[in-house]
Every structure is written in structure tokens, then in C-alpha cells.
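Fold and geometry: a report
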Amino acid sequence: MAIILQESSKTFSEYLLLPNLTTKICLPHNVNLRTPISKFKKGESSSITLNIPFSSAIMQSVSDHNLAITLARQGGISFIYQSQSIESQAKMVRKVKNFKAGFVRSDSNLKPNSTLQDVKILTQKTGHTTIAITDNGTATGKLSGILTSRDFRMDNCDWDTSVSEVMTPFKDLIYSRNNITLQEANELIWKHKLNSLPILDKDGNLLYLVFRKDFNEHMQNPNELIDTEKRLIVGAGINTRDFKERVPALVEAGVDIICIDSSDGFSEWQKDTIVYVKKNYGDTLLIGAGNVVDKEGFDYLANAGTDFIKVGIGGGSICITREQKGIGRGQASAVIDVANARNEYFKKTSEYIPICSDGGIVHDYHIVLALAMGADFVMMGRYFARFDESPSKRLRIQGSYVKEYWGEGSERALNIERYSFGSEENLSFEEGVDVYIPYAGKLKDNLHLSLSKIKSTMCNCGAANIKELQKKARITPVSYTTIREGAAHDVTLKEKDITPVS
């Protein structure tokens, strides 16, 4: 007879946090959200520590290089999706690692023999008023000069005039070589009252431009997640089929951490993949595994040598694994069970393995619940897919802007590697859907609001950091009536665009 668990499977929405004493130190600006992402021994620290407990899901409609750059600049991490060619994924990783905060690849470039008519067309296309003039008109050509809106009058000029006649020539430019830091570049900009500073290689080829306007933006991103060489940190998803080819390519591209992307991580194929990575790369390459929903799954992957473990099956907004296969568990129950297993493992081995809660996040307070229940960080798909920086299209439907969002188990994704059992069989049924979600604008603006809510909630719990939250938090199950009572009820909400009658 099957083993039957008597306890009901619970979601985050079935719990609330009770307030604790809010001490005077518990102010939002004092809350520290740093959290480990890779295993470490007692008394030591994780080799990578996130500055915020956010990671973006390993999904085509969520995590490409653009979102990875933006999220890393805010202190979180992206795992670039693996359901693409090895070459394409490695190229995305390389773009993140080559990105320098404040160091911009010029995307407005012309040749010296270009005309002001060419400048007009380019400016209308890009909106940029600073144009790099290189010998071949590319972003990496030998720098000949810089042209800005101050060099000619749009309302009074001969459009056939050559750019070389009006640009600031190379001999009059102040520039720097590639070994300069951003701080040093900004000091030169302020010292010489420049709007931009070209960064060149030893042969005079253009590498980057550093703009005065980007200085404030850099100052506003103090939580950037960077490695020892001050490059942004990035993760990537892998599968259990082509990992022997994919992993070396990702390592060569500079990836910091990888994660096996699977709907069910409690498998021998995942163990084989972990063993291969640890045998060939040791601790120089971190690897996460999952997903699991209980102690048995955690112990299996922990003993295999993984660096972190993802928790959750069927809780994502576009995931229909539970509906199709009857496999999964309520996300809150899964996190609680796996966190207890992690704590037992730590007591036995003195090795702490971080866990990631993946799925089931509907409201921002669910993130606090996940952390309080023992997760070290959360992974989200729908949350990030709403933003400008995600790779999916923005559309206008019935007067509202939406973004496309689809599951890796959907027919659209064709992610056979994620859902097969190590065979070459085609995907015979879907475990994800293809949907629209409300468009939400820029990542940074929305993330700031979410982090403000999280910090405020933690203060109500009397916690100034995540570990303190996990020790102090008091959580209570709730009834349906309690949930209804917690929202606006028994009132008529005012429409914001209604004009009062005088």
C-alpha cells in the first residue's frame, strides 16, 4: 500500500506572519538582505552571497543577458535559460561577464566621411546626441573623433558637410586606456568637465564610452553583485542530457554558477550530472540541483554534492504539472519540510546547503514567508517576466499592455530536456501554458517597491536580517474567511478617475 501523509499540503496563502516586538533598530534602512547561495562549512561563508534574496527563473520568457545584467546590478542573480543552443547560451553569459557598469559599448557610430545628413538620420533613430567617429564606422573601430550636438546647429547647417569637418578630432580628445576603473574614469570626467570619456585599447580602437550622466546611476546601484574582478555575477541553467558539452562552454564563457533545470530533481540523472561537474571542476564551479519537495529529495541531492537545492514542483503560475501528472506539493509545505531536512543535515555534517524556494509566489509578503520558513532565497518567473528587461514581447491587447509569458513545459518552449527521463522521446504532453501577464515597466522601479515591503514586514517581525527572521518569525495558518477579511471587504472602492460632482 502507498505511503499516505496525513498532513494537508499548504500554500503560502494559507499562512500569515504574527508581529513581534519591533525594536528601535528595526528600521527598513537597517535591514540586511544578504544571503548565501552556495554551501559552506560551519564557521565559514558562502563563496557567493546574494545582496538581495532574488533569482530569476530558468525560462525563455524570463532570463536572458539583459535581465541578468539588470538584476545583478540590483544585487540578485539570473540563471540564463538552457532551452537554446549551447553557443547561444554561452554568448549570453559572455555578454553579462563583459558588461562593465558605467562602461558602455557605443551604439551610435559613423565614419569620418559620413555627412551631417547621416548624423540626422542616426540621431532620429537612436535618440543619442553623442556619436563616436571611427575609421570603419563600428563600435570597435579606431577612434577618429567624437561628435556631439554642441558641434553643429540642427537648424542651420549644410547637411552635406562631412562629419570630419565639425567633429572634435582625436588629437583634441581626452581619453583613457582599458585598465582604468570606473571611479578613475568619473574623476577624469569631472576634472575636465567632459560629457563622455572614450576608453581605448592599446591600438587606439574604441572599447567603451563612460558618460557623466551614468555616474549618478552607478551611485544608485550600491548592491551590484560582482566577482573578484568586478564583473557582474551570472548563473546558467543546464540539463541532464548534453551537460558534458554545455558545461565546458559555459565555463569558458565565464559563468559563475550553474543549476540543473528540471521539474523533478529527485533522479539518478541529476546525481550523474552533479558528480561530473564536481569531478571535473571541483569547487571552482558551483552547481545547484532540483526541484524537490521533501526530505528524501533533499538528502539525495545533498549527498550527491550539490551546492544549493531548489524546492517546488507545480507551484508556478504557468505550471500544470500537478494538473497533468498529479505530482507536486503545496509550496509552503515543501519549503518547511526541506528546510527542516537542511537543518538536520547541517547538524550532522556541519555543512550548510542553501535552499531556493521556486514557485508559489503571488504576493510580496509570500517572499517573507518563504524566507521565514527556511528558504535562503527565492526564484521567480512571472514576477520578472512583466518587466521591460525580460526577453518576451510587449503587446497591447484590449487597451492594456501585456507581456508574453510561457512555461518551459509548454509546447512553445519545446524544452524536451527538462521534462524527459533521459531519453530521446519527444514531449508528448504539456506541463506548462502560454499566457499574457500585465506589463509592469522597469525592473528597478518594481523591485524597489517589493524590497521596501519585504523590509517593512521583517521589521514588524522584529528581524533585521534573514537569519534573525528565521529564528524569530511566528507563523499561523489561516482560514478562507481570514484571507477574505485581510483584503478590502464590505465596501465600495472608489474609482480613481471619477470626478466629484459639485
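I will try to describe carefully the structure that is included in this document. All of these numbers come straight from a predicted model, not from anything done at the bench. (Residues numbered from 1 in each chain as written. Predicted model: local features only at pLDDT ≥ 70, side-chain atom pairs only at ≥ 80, totals over all residues. Heavy atoms only, no water.)

1. With respect to the overall build of the protein
- In terms of regular secondary structure, the protein is built from 17 helices and 24 strands.
- The C-alpha radius of gyration of the protein comes to 26 Å, within 12% of the 23 Å expected for a compact globule of 502 residues.
- Overall size of the protein, expressed as C-alpha extent along the three principal axes, is 85 × 75 × 50 Å.
- Taken over 502 residues, the protein has a buried fraction of 50%.
- Sequence separation of at least 24 residues holds for 65% of the intrachain contacts in the protein that already meet a minimum separation of 6.
- Surface summary for the protein: the accessible area is close to 25200 Å², and the carbon and sulfur share equals 51%.
- Both charge centroids of the protein, one from 61 positive and one from 60 negative side chains, sit 5 Å from each other. (Helix = DSSP H or I, 4+ residues; strand = E, 2+ residues; numbered from the N terminus. Rg over C-alpha atoms; globule rule 2.2 N^0.38 Å. Buried < 20%, exposed > 50% of the residue type's maximum accessible area, 1.4 Å probe, protein only. Contact = heavy atoms within 4.5 Å. Areas by Shrake-Rupley, 256 points an atom, 1.4 Å probe, with all protein chains shown as cover. Lys, Arg positive; Asp, Glu negative; His and termini not counted. Charge placed at Lys NZ, Arg CZ, Asp CG, Glu CD.)

2. Let's talk about unusual backbone geometry
- With omega at 10 degrees, the peptide bond leading from glycine 290 into asparagine 291 counts as cis.
- With respect to the secondary-structure elements, asparagine 291 resides in strand S16 (residues 286-292).
- A positive phi angle, near 55 degrees, is found at lysine 193, a position not held by glycine.
- For lysine 193, the position within the fold is in the loop between helix H5 (182-191) and strand S12 (196-200).
- Residues other than glycine seldom take positive phi values, yet serine 350 does so here, at roughly 60 degrees.
- Relative to the helices and strands, serine 350 resides in the loop between helix H11 (331-349) and strand S18 (351-352).

3. Some points on the packing of aromatic side chains
- Enumeration over the complete set of coordinates arrives at 14 aromatic pairs.
- Ring centres of phenylalanine 384 and phenylalanine 387 lie 6.3 Å apart, and the angle between their planes is 85 degrees; this geometry places the pair in the edge-to-face category. Take phenylalanine 384 and phenylalanine 387: they sit in the same class, and that class is buried.
- Here a set of aromatic residues connected by ring pairs shows up, and it is made of Phe54, Tyr383, Phe384 and Phe387. (Phe/Tyr/Trp six-rings, centres within 6.5 Å; stacked < 30°, edge-to-face > 60°.)

4. Some thoughts on the side chain of aspartate 307
- On the secondary structure map, aspartate 307 appears in the loop between helix H9 (295-304) and strand S17 (308-311).
- Apart from the residues within four sequence positions on either side, aspartate 307 is in contact with Ile37, Ser38, Lys39, Lys278, Leu285, Leu286, Ile287, Ile353 and Pro354.

5. Some details on the pattern of salt bridges
- All told, the structure shown has 18 salt bridges when counted by the stated rule.
- Note that lysine 171 is salt-bridged to aspartate 172, the shortest N-O span being 3.4 Å.
- Overall, the relative accessible area of 46% leaves aspartate 172 in the partly exposed class.
- Between aspartate 242 and arginine 246 there is a salt bridge; the shortest N-O distance is 3.1 Å. Across the pair, arginine 246 and aspartate 242 agree in class, each one buried.
- Sharing partners across several salt bridges, the network here consists of Lys97, Asp227, Arg231 and Asp256. (Salt bridge = Lys/Arg side-chain N within 4 Å of Asp/Glu carboxyl O.)

6. Observations concerning the nonpolar core
- Formed by 102 residues in total, the largest nonpolar core has its most connected members in Phe54 and Phe384.
- If one sorts the elements of this core by residue count, H11 sits on top with seven residues.
- Setting aside residues up to four positions removed in sequence, phenylalanine 384 forms contacts with Phe54, Ser55, Ser56, Val62, Leu67, Leu71, Ser390 and Leu443.
- The next biggest cluster of nonpolar side chains, apart from the first, holds 11 residues, and it includes Ile189, Leu194, Tyr208 and Val210. (Core = buried A, V, L, I, M, F, W, Y, C linked by side-chain atoms within 4.5 Å.)

7. With respect to the sheet that holds strand S5 (residues 54-56)
- The sheet built from eight strands closes into a barrel, its strands ordered S5-S6-S14-S15-S16-S17-S19-S20 with parallel pairing. When the angles between neighbouring strand axes are averaged without regard to direction, this sheet yields 25 degrees.
- Pairing analysis gives three bridges linking S17 to strand S19 (residues 355-358), with the strands arranged parallel. By the bridge assignment for S19, valine 311 is matched with serine 357.
- Packed onto the sheet, helix H1 (residues 65-74) meets S5 and strand S6 (77-80) and runs at close to 165 degrees relative to S6.
- Of the strands in this sheet, S16, S17 and S19 touch H9, which is tilted by about 160 degrees from S16. (Pairing = 2+ DSSP bridges. Axes fitted to C-alpha atoms, helices over the stretch in contact; angles between N-to-C directions.)

8. Describing the pairing of S16
- Within S16, seven of the seven residues are buried, which leaves it mostly tucked inside the rest of the structure.
- The pairing of strand S15 (residues 257-260) with S16 spans three bridges and is parallel. Opposite isoleucine 258, over in S16, you have isoleucine 287 as the bridge partner.
- The handedness of the S15 to S16 crossover, carried by helix H8 (residues 268-281), is right-handed.
- Judged from the four bridges that link them, S16 and S17 form a sheet pairing that is parallel. Residue pairing across strands places glycine 288 opposite phenylalanine 308, the latter belonging to S17. (Right-handed = clockwise from strand over helix to strand, strands pointing away.)

9. Some points on the sheet that holds S12
- If you trace the three strands from one edge of the open sheet to the other, you get S11-S12-S13, paired in mixed fashion. Lying at the two open borders of the sheet, with one neighbouring strand each, are strand S11 (176-177) and strand S13 (206-211).
- Sheet topology places S12 next to S13; five bridges connect them, and they run antiparallel. Bridged to isoleucine 199 within S13 is tyrosine 208.
- Those strands touched by H5 are S11, S12 and S13, and its axis lies near 65 degrees from that of S13.

10. A few points about the side chain of glutamate 389
- Mapped onto the elements of the fold, glutamate 389 is located in the loop between helix H13 (382-385) and strand S21 (394-397).
- There is no salt bridge for the buried glutamate 389, and the closest opposite charge comes from lysine 442, which lies 5.1 Å off by N-O distance.
- Only 3.1 Å separates the side chain of glutamate 389 from the backbone nitrogen of leucine 443, close enough to count as a polar contact.
- Those residues in contact with glutamate 389 that lie beyond four places of it in its chain are Asp64, Asn66, Leu67, Thr70, Gly441, Lys442 and Leu443. (Polar contact = N/O pair within 3.5 Å; in protein donor to acceptor, adjacent residues only side chain to side chain.)

11. As for the environment of phenylalanine 152
- With respect to the element layout, phenylalanine 152 can be found in the loop between strand S9 (143-148) and helix H4 (163-166).
- For the pair phenylalanine 152 and methionine 458, spaced 306 residues apart in the sequence, the C-alpha separation amounts to 55 Å.
- Dropping the residues within four chain positions of it, phenylalanine 152 is found in contact with Leu116, Val119, Leu147, Cys157 and Trp159.

Coordinates in, geometry out; function isn't part of it.
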